[in-house]
Amino acid sequence: MTTALIALDFINDIVHPDSPMAGAASQVAERGVIEHANTALAHARANDWFVVLVKVGFGPGYAECPSHSPLFGKAKENGVLQLGTWGTEFHEALDATPANAEREFVVEKPRVNAFYATPLEAVLRANAIDTLYLCGVSTSWAVQSAARDGHDRDYRIRVIEDACATDDIEDHHASIRQLSRISEIVTSDELPSN
């Protein structure tokens, strides 16, 4: 088994309380989600897993941003999710500093799904990855999307429940129930050693 940890959208515009769009910030703080993600990151690095940090965002002109999208349509108008700005930096509490540059990769995605229009698939295949541990925000969007797509690409999927959040705890629990049909649900203190 060759394993990767994929941490999704732990960026300021998604998880920091100072961002105007960070609806999940309170759940992230209340449930210690970044701390649990850091536990998972430390475990992955200690066990030589491949680490992928994913961020959603658009270039300065928002050319990739679909203006008709109910989810992304207001990004340009509100000046959020712009790559190269504070909003798309990883939250300062997240341990985003690579321990081994050859075993870590940052993916910038223009949509909810981390596989869509990104090099994620190529990076995973080039590193012979067959098992994905997922964590991030939000459970009901980014995590579900990556888990479903990864499952259909024949990866073994594991979701780190305590390192995921959405803006509503009931939505989080509902997403975890749905994901349990295509993935194994674990916590950050249940990760296996190689």
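Residues numbered from 1 in each chain as written. Predicted model: local features only at pLDDT ≥ 70, side-chain atom pairs only at ≥ 80, totals over all residues. Heavy atoms only, no water.

Undergrad: Any details on the state of the cysteines? Residues and values, ideally.
TA: Disulfide: a covalent bond formed between the sulfur atoms of two cysteine residues. Counted by the stated rule, this structure contains zero disulfides. With no disulfide of its own, Cys135 lies 6.1 Å from the sulfur of Cys164, the closest cysteine sulfur. (Disulfide = S-S within 2.5 Å.)

Undergrad: I'd like a rundown of the sheet that holds strand β4 (residues 131-137), residues and numbers included.
TA: The six strands lie next to each other as β3-β2-β1-β4-β5-β6, forming an open sheet whose pairing is parallel. Only two strands of the sheet have a single neighbouring strand rather than two, namely β3 (104-109) and β6 (184-186). Mean inter-strand twist for the sheet, computed between neighbouring axes without regard to direction, equals 25 degrees. As judged from the three bridges shared by strand β5 (residues 156-165) and β6, these two strands associate in the parallel manner. If you follow Arg158 over to β6, its bridge partner there is Glu184. Strands in contact with helix α6 (residues 139-152) are β1 (3-8), β3, β4 and β5; relative to β4, the strand with the most contacts, it is inclined by about 165 degrees. (Pairing = 2+ DSSP bridges. Helix = DSSP H or I, 4+ residues; strand = E, 2+ residues; numbered from the N terminus. Axes fitted to C-alpha atoms, helices over the stretch in contact; angles between N-to-C directions. Contact = heavy atoms within 4.5 Å.)

Undergrad: Please set out the pattern of salt bridges residue by residue, giving values where relevant.
TA: In the structure shown here, the tally under the stated rule is 11 salt bridges. Arg156 serves as the salt-bridge partner of Asp130, at 3.3 Å between the closest nitrogen and oxygen. With a gap of 26 residues between them, Asp130 in the loop between α5 (120-126) and β4 and Arg156 in strand β5 connect regions that are remote in the sequence. The exposure class assigned to Asp130 is partly exposed, which follows from its relative accessible area of 24%. Three or more residues joined by partner-sharing salt bridges are found here, namely Glu121, Arg125, Asp149 and Arg153. (Salt bridge = Lys/Arg side-chain N within 4 Å of Asp/Glu carboxyl O. Buried < 20%, exposed > 50% of the residue type's maximum accessible area, 1.4 Å probe, protein only.)

Undergrad: Give me α6: which residues, what numbers.
TA: Taking 1.5 Å as the rise per residue, α6 with 14 residues should run 20 Å; its terminal C-alpha atoms sit 18 Å apart, in good agreement. Taken as a whole, α6 has its buried residues at Thr139, Ala142, Val143, Gln144, Ser145, Ala146, Ala147, Asp149 and Gly150. Each element contacted by the buried residues of α6 is listed here: β1, β3, β4, β5 and α7 (169-179). At the exit of α6 stands Asp154, carrying a positive phi of roughly 75 degrees. (Expected span 1.5 Å × (residues − 1).)

Undergrad: Outline a negative patch on the surface, listing residues and values.
TA: A cluster of acidic residues, Asp167, Asp168, Glu170 and Asp171, forms a negative patch at the surface. Relative to the helices and strands, Asp168 is located in the loop between β5 and α7. On the basis of relative accessibility, which here comes to 32%, the residue Asp168 falls in the partly exposed class. (Patch = residues over 30% accessible without salt bridge, like charges linked within 9 Å, V, L, I, M, F, W, Y side chains within 5 Å. Areas by Shrake-Rupley, 256 points an atom, 1.4 Å probe, with all protein chains shown as cover. Lys, Arg positive; Asp, Glu negative; His and termini not counted. Charge placed at Lys NZ, Arg CZ, Asp CG, Glu CD.)

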